[in-house]
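# Coordinate analysis (summary)
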Amino acid sequence: MFRLRRYRVFLICAFVITVLLYHVSKNSQWDRTQEIWHTSTRHRETKVETKPAEKAQAPVVAKPPVVKEDPAVVEVKPPAPKVQVEEKPTPKVADDHDHDHGHGDTPVKIPSLKEESQEKGSYALPTKPPPLKGTHEKEQPPKDKSTTPATIPDRLPGSGIGSHNHDNTPSEPDLETTSTTAVHWTKPSEWFPIPPESIIPLPTGKPKPIPTIQAKFEPETPQAREKRELRLAKVKAEAQRAWQGYKIYAWTHDELRPVSKAHHDPFCGWAATLVDSLDTLWIMGLKSEFEDALKAVAEIDFTTTPYRTDIPVFETIIRYLGGLIAAYDISGMKKEYKVLLDKAEELAEILMSVFDTPNRLPILYYQWHPAYNIAPKRAAQNAGVAELGSMSMEFTRLAQLTGENKYYDAVARITDAFEELQNWKGRGRSAIEGIFPEHLDASGCNRSAPWLPVDQQEREDGRVDLGVVGVDGLGVVGGTGVKVQRREEVVRGDDGVGGRDQMTPGRPGKKKLPDGFECAPQGLVSSNAWGSYGMGGSQDSAYEYFPKQYLLLGGLVPKYKTMHEKTVAAVKKHLLFRPMAKGDPDILFSAKATSKDGTADSLDYEWEITHLTCFLGGMFGLGGKIFESPEDVEIGKKLAEGCFWAYDVMPTGIMPEYAKIMPCKSATDCKFNETAWHEQLDYRASYRAQEMERYYESKAAWKEQVEEIKKEQALQKERVEKAKEEAARRPVAKSNDNSDTGAGSDQKAEPKQPVQQQQQQEERPQAREGSFPSRFQRRQLNGTFNEPRGADLQNSLDLNSAPVTNTNTSDDDWATTYSDDDDSQIPLTELTLPPEPIKPMTHEEYIADRLKNEIIPPGFTSLSDKRYILRPEAIESVWYMYRITGDPKWQEKGWKMFESVIKHTQTEVGHSAIRDVTAKGDAGGMDDSMESFWLAETLKYFYLLFAEPEVVSLDEWVLNTEAHPFRRPT
């Protein structure tokens, strides 16, 4: 009984805990999202068996192709059929009334490819497309015997990341494969659908005549041909090195880590490098590699990802969608390659959901998970111009290939919004007419203006277009006193409060929007009152697409020409500048301007040199040829020359990611002025002379103070010496024992001290720490505060002898008696001097020190970001200039750039970004990163620079911002 009571509490607690754990496990998902996502996600009910050395793979489950040197054969099995999985119901949005929002597992609808007989106009899919000139079907140039092939381990690719990860660096977080299901995207029903009759169709008709872009190249000599083909082979060898490294160590993942030989998945893990490189493989004649990649593409599942909860829309469109479309285009649109178009449509169907907003402007980071996907959404209030404006080419070309106008409609509405902003003069306008602020409010929602319901009379008299703005009988008012009219009548607020009323283009139908979702509509406006304007990051490719979209549409949409011409006019007027550089090169760069008051009257400038801005030379050159502006072509040359110069002046021969430089006051008169440059390097130059004057005054005062302290120290030393002499001459005091033993008295006689001795004790300086102890300290050492050392010894020994003599020992006597080193030494006070003033740098010393430590080339004022991340923009403009002018000097510039880049980025299995372009050798350090654009763009442009001019001719092809070529209409 005792033992039962003893364990009763324990048993009850154990039972309660067991019940609680059971209920928690039944009613909670235990936050297993990451656990689920890191399993194989290609099939919902397919159990993935992994070997001990293998890890859970990304949604792409195709095994990598066999390396040619390896005799083993890997069988690529077809995917198992999908099994529908019943998912838990998603919580309803406010007052949804149980309407279906598409959170069921609706399969993606893939439109069938239309044949030529089904197409209208001149954008039909050719049944027999012309072969691409100069590609792999042509005889290849002789191989360069001096080229060193990439060193690739003779192992079977994909047999487990750990088998190749020699430094044991984890490639990705690994979790056990405990689940056979994954969360998949399902197509939601639209909140703001476009009526079929309102869809903007592709333009029809015969393409307009467009001037020839490429120069007429003269026949090359045998020597020139041999030199060109040798360089071409070297570029191809480096591309093969990078591809083989990716195939061995990162197959079906987004990126290779070329130093650690691992992989990285920043873009949803849908094999970004593989898809991005498809057209590069074809152009370089790597047919076998292209076929291997094609098999892997067929296995990509765009409906799920274990790596992100959102889809980066801009990057996905330019890399994946553009890569698939271009690969289909450049491979001749053959039937055996139709999987490329099918996968492009599959991805596009997912991406079309980002346009389901009230103003049809896209969401830039798409929360694809069904739990979030069913709610109504608005575009961002701080959207980057480049992200918003760099979708038109990809969706337009897809519409041309499939005949689906909905793809073109989606991007045409974005262009309309940009066109309206470019022409808008009211509140929220651009400070610099013709270009846009770096970030825009794309939400279409003016929260500062009232939103009011519309009464029945207003609906009846036709002042409100219910197909545009109505939501269950509710209308929109754009501002005070604004009369809301039909879409054809774009209404402006009389007092500017409402801004521009860009009407909602879709009818929400029967679904009720959440409370507070509706608002007064507006078009694109600046995200803030000031705004930054430039051609660099967050802005670049939106402008790049204006002339390219004009080409892709065959010149049938003139607004793209107008928008481009307004852009270049603004850049020439407000942003272009000539740098002050040694040697006085005639080059140009584009600055970044910030408006203080929302106008162009008060602009602050950053005279920047950024790698991203280097695309501008190609844009000016291309636009100048298309729209017959020789001035723009010349400006394009100077911009391209500028970026080459930025490469050439760096110690490594590679330009940095971001730097600043000193501008010339005049573009026509720009002599290098070293004095002016040094003043720019030292923003405190004017104050340094004053600092030196103050330093000399402080130094003089310090010297006087030191002399006074030293004199005082000398006087003190003299007093101490005198005290020593007096102590030496003083007789030793005798003990005076007057104790009365009969009376039992233990009192001691106190010897009198001479007056002179007392004065010396008062004048004697206090001993510093670490020298002779004070009287208080001596008594502590003796074990008591009240008794002298002799008395302490007597008590400890319990002796009944006479008291110790000389109990009132003076400091001098104690020091003479108990000193360990020199009995006659009396310490001096420590000599403490004030800190000496620190001499500031002179202007000349500061400049010399900064130039030495930062390695700043003449003309530059700062190197804010010294990295090189394998970017393509500089060689892109060099390639455009070569094709436009036909001048072989551009090939020489490009080759010099190529040799520098390869020298400092090459690794055993690929090429890596570097941290410092001013440090030669290993000092620069590698970032262990090889982004997909290295193969998709940079190496492609280097290759095309030395390929025959007919390969991807600019008169037949137009390249998107990721260098993916789309066939122009003819």
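None of the values given here were measured: they were computed from a predicted structure.

The subject of this paragraph is the confidence of the model for the protein chain. Overall, the predicted model of the protein chain reaches an average pLDDT of 76, with 66% of residues at or above 70. Taken together, the stretch residues 454-504 has pLDDT below 50 and engages in 122 contacts with residues farther than four places along the chain or on a different chain. For residues 737-824, every residue scores under 50 in pLDDT, and the model assigns this stretch 78 contacts once sequence neighbours within four places are set aside.

Here we come to the sheet that holds strand 16 (residues 658-661). Within the open sheet, the three strands sit side by side as 15-16-17. Their pairing is antiparallel. Lying at the two open borders of the sheet, with one neighbouring strand each, are strand 15 (608-610) and strand 17 (860-865). Taking the axes of each pair of neighbouring strands and ignoring which way they run, one obtains an average angle of 20 degrees across the sheet. Pairing between strand 15 and strand 16: three bridges, direction antiparallel. Bridge pairing links Thr 610 to Tyr 658 in strand 16.

Another aspect to go through is the nonpolar core. Ranked by size, the top nonpolar core spans 194 residues in total, and within it Leu 274, Leu 321, Leu 340, Phe 395 and Trp 934 carry the most contacts. Per-element accounting of this core gives the leading share, 12 residues, to helix 8 (residues 313-330). Look past the residues within four positions of Leu 340 in its chain and what remains in contact with it is Leu 278, Phe 290, Leu 294, Val 297, Leu 324, Ala 327, Tyr 328 and Ser 331.

What follows covers the state of the cysteines. As used in these notes, a disulfide is a covalent bond between sulfur atoms, one from each of two cysteines. Counted under the stated rule, the structure contains three disulfides. The side chain of Cys 445 participates in a disulfide bridge whose partner is Cys 519; the two sulfur atoms lie 2.0 Å from each other. With Cys 445 in strand 7 (residues 445-446) and Cys 519 in the loop between helix 15 (466-469) and strand 8 (520-521), this pair connects stretches of sequence that are 74 residues apart. The burial state of Cys 445 is the same as that of Cys 519; both residues are buried. With a sulfur-sulfur separation of 2.0 Å, Cys 614 is cross-linked through a disulfide to Cys 643. Judged by the sign of its S-S torsion, about -100 degrees, the bond between Cys 614 and Cys 643 is left-handed. Here Cys 643 lies in helix 19 (residues 630-648) and Cys 614 lies in the loop between strand 15 and helix 18 (616-626), a separation of 29 residues in the sequence. Taken as a pair, Cys 614 and Cys 643 share a single burial class, namely buried.

Turning our attention to the sheet that holds strand 10 (residues 532-533). The three strands are arranged 10-13-14 in an open sheet whose pairing can be described as antiparallel. Each edge of the open sheet carries a strand with a single partner, namely strand 10 and strand 14 (603-606). Of the pairings in the sheet, the one linking strand 10 to strand 13 (residues 592-595) comprises two bridges and is antiparallel in character. Considered in strand 13, the bridge of Ser 532 is made with Thr 594.

On to the pattern of salt bridges. Side chains carrying opposite charge are able to pair once their charged atoms draw close together. Tallied over the entire structure, the rule returns 42 salt bridges. Across the pair Glu 229 and Arg 225 runs a salt bridge, and its minimum N-O distance is 3.1 Å. One end of the pair, Glu 229, and the other, Arg 225, are both in helix 4 (residues 222-249), four residues apart, so they sit about a helical turn from each other. Look at Glu 229 and you get buried, because its relative accessible area is 11%. Of the charged contacts, one joins Glu 346 and Lys 343 as a salt bridge, the two residues approaching to 3.0 Å between their closest N and O atoms. Within this pair, Glu 346 and its partner Lys 343 are both found in helix 9 (residues 338-351), separated by three residues, close to a single helical turn. A residue is classified by how much of its surface remains accessible, and Glu 346, at 15% relative accessible area, is buried.

Let us now look at a nonpolar patch on the surface. On the surface, Ile 12, Phe 15, Val 16, Val 19 and Leu 20 cluster together into a nonpolar patch covering about 470 Å² of accessible area. Following the sequence through the fold, Val 16 ends up in helix 1 (residues 2-27). Of the residues examined, Val 16 reaches a relative accessible area of 42% and is grouped as partly exposed.

Moving on, we come to helix 20 (residues 674-681). Taken together, the buried positions of helix 20 are occupied by Ala 676, Trp 677, His 678 and Leu 681. The secondary structure elements touched by the buried residues of helix 20 are helix 26 (843-854) and strand 17. For helix 20, the N-terminal capping position is held by Asn 673, with its side-chain oxygen 3.1 Å away from the main-chain nitrogen of Thr 675.

This brings us to the packing of helix 4 against helix 28 (residues 889-905). Running from N to C, helix 4 and helix 28 point in directions that differ by 35 degrees, and their axes come no closer than 12 Å. In this structure, helix 4 crosses over helix 28, and the sense of that crossing is left-handed. The segment helix 4 lies against helix 28, with Lys 227, Arg 228, Arg 231, Lys 234, Val 235 and Glu 238 engaging Gln 891, Glu 892, Trp 895, Phe 898 and Ile 902. Here the residues of the contact of helix 4 with helix 28 are counted per class, giving four nonpolar, one polar and six charged.

What follows covers the packing of helix 12 (residues 392-402) against helix 16 (residues 540-552). Two elements in contact, helix 12 and helix 16, have axes separated by 10 Å at closest approach and are oriented at 10 degrees. On the basis of the axis angle, helix 12 is roughly parallel to helix 16. The residues of helix 16 that touch helix 12, namely those facing Ser 392, Met 393, Glu 394, Thr 396, Arg 397 and Gln 400, are Tyr 545, Lys 548, Gln 549 and Leu 552. Of the residues contributing to the contact of helix 12 with helix 16, the split by class is three nonpolar, four polar and three charged.

Turning to the packing of aromatic side chains, a few remarks are in order. Taken as a whole and assessed by the stated rule, the structure comprises 29 aromatic pairs. Between Phe 436 and Tyr 543 the ring centres are 5.7 Å apart and the planes differ by 10 degrees, which places this aromatic pair in the stacked class. Within this pair, whereas Phe 436 is found in the loop between helix 13 (405-423) and strand 6 (439-441), its partner Tyr 543 is found in helix 16, the two being separated by 107 residues in sequence. The same class applies to Phe 436 and to Tyr 543, which are both buried.

To continue, consider the environment of Ala 667. Relative to the assigned elements, Ala 667 resides in the loop between strand 16 and helix 20. Judged by its relative accessible area of 51%, Ala 667 is exposed.

Phi is positive for Met 333, close to 55 degrees, though the residue is something other than glycine. By the secondary structure assignment, Met 333 is in the loop between helix 8 and helix 9. Residues other than glycine seldom take positive phi values, yet Asp 928 does so here, at roughly 55 degrees.

With that out of the way, let us pick up the side chain of Asp 916. Positionally, Asp 916 belongs in the loop between helix 28 and helix 29 (933-946). Here Asp 916 occupies a buried position and makes no salt bridge, while the nearest side chain of opposite charge, Lys 866, is found at 4.3 Å. At a separation of 2.5 Å, a polar atom in the side chain of Asp 916 contacts the side chain of Thr 918.

Rules behind the numbers
Sequence positions are assigned chain by chain, starting from 1 and proceeding in written order. In keeping with the model being predicted, local features are shown solely for residues with a pLDDT of at least 70 and side-chain atom pairs are shown and tallied solely at 80 or more, while totals for entire chains, interfaces and linings include all residues. Processing note: side-chain calculations cover all non-hydrogen atoms of the structure and skip hydrogens and water entirely. Scored from 0 to 100, pLDDT records how confident the predictor is in each individual residue. Should any heavy atoms of two residues lie within 4.5 Å, those residues are considered in contact. Any two strands between which DSSP finds at least two bridges are classified as paired. The way it works is that DSSP assigns letters per residue, a run of H or I at least four long becomes a helix, a run of E at least two long becomes a strand, and they are numbered from the N terminus. Only the contacting stretch of a helix is used when fitting its axis, a line to C-alpha atoms as for every element, and angles between N-to-C directions run 0 to 180 degrees. In this text, buried Ala, Val, Leu, Ile, Met, Phe, Trp, Tyr and Cys residues form a nonpolar core when linked through side-chain atoms within 4.5 Å. Only protein chains enter the calculation, and the probe is 1.4 Å; a residue is then buried if its accessible area is under 20% of its type maximum, exposed if over 50%, and partly exposed in between. Note on terminology: disulfide denotes any pair of cysteine sulfur atoms within 2.5 Å. Only one rule defines a salt bridge in this text: a Lys or Arg side-chain nitrogen within 4 Å of an Asp or Glu carboxyl oxygen. In this analysis, a patch consists of residues with relative accessible area above 30% that form no salt bridge, clustered at 9 Å for like charges and at 5 Å for the nonpolar side chains Val, Leu, Ile, Met, Phe, Trp and Tyr. Only the protein chains shown count as cover for residues, and the accessible areas themselves come from Shrake-Rupley with a 1.4 Å probe. Polar contacts, as used here, are pairs of N or O atoms within 3.5 Å; protein pairs need one atom able to donate a hydrogen and one able to accept it. Residues neighboring in sequence count only if both atoms are side-chain atoms. In this scheme the handedness of a crossing depends on how the near helix is turned from the far one: anticlockwise by less than a right angle means left-handed, clockwise means right-handed. Amino acid classes used here: Ala, Val, Leu, Ile, Met, Phe, Trp, Tyr, Cys and Pro are nonpolar; Asp, Glu, Lys and Arg are charged; the rest, including Gly, are polar. Just so you know how the angles are binned, under 35 degrees is roughly parallel, over 145 roughly antiparallel, 65 to 115 roughly perpendicular, and the rest oblique. For this analysis, a ring pair means two rings from Phe, Tyr or Trp (six-membered ring only for Trp) whose centres lie within 6.5 Å, classed as stacked if their planes differ by under 30 degrees, edge-to-face if by over 60, and tilted for the remaining angles. In summary, the charge assignment counts Lys and Arg as positive and Asp and Glu as negative, without counting His or the chain termini.

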